[in-house]
Amino acid sequence: MGKRYSLALILFTMAHFAISGLMHEAALKADEDPDRLSFLHAVRVIRRKIASYSAIPPSAEEGLS
């Protein structure tokens, strides 16, 4: 349990840090207070966007440009 738990905690912490960074950048770009943004909403937006990017196979990327 120790090593798996530690790895999961590290991955969770890294994901949280990355999402918080994206939220901060988005807030600054939109001239909003970063503290007013919802972390859960940001996670949902990111999950939705990741799903749309993974729907394009690498071989089809060349035709998109």
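A short tour of the structure in this document, coming up.

With that settled, consider the overall build of the protein. Along its length, the protein carries 3 helices and 0 strands. Along the protein, helices and strands appear, N-terminal first, in the series α-α-α. For the protein, buried positions account for 6% of its 65 residues.

With that out of the way, let us pick up unusual backbone geometry. Trans is the common state for peptide bonds, and a negative phi is the common state for residues other than glycine. One non-glycine residue, Asp 31, lies in positive phi territory at about 55°. Within the secondary structure, Asp 31 sits in the loop between helix H1 (2-29) and helix H2 (39-54).

Along its 28 residues, H1 runs 41 Å from first to last C-alpha, staying within 8% of the 40 Å computed at 1.5 Å per residue. Those residues of H1 lying buried are Ile 19, Met 23 and Ala 27. Trailing H1 by a residue or two, Asp 31 shows a phi angle of about 55°, which is positive.

Calculation notes
- Residues numbered from 1 in each chain as written.
- Predicted model: local features only at pLDDT ≥ 70, side-chain atom pairs only at ≥ 80, totals over all residues.
- Heavy atoms only, no water.
- Helix = DSSP H or I, 4+ residues; strand = E, 2+ residues; numbered from the N terminus.
- Buried < 20%, exposed > 50% of the residue type's maximum accessible area, 1.4 Å probe, protein only.
- Expected span 1.5 Å × (residues − 1).

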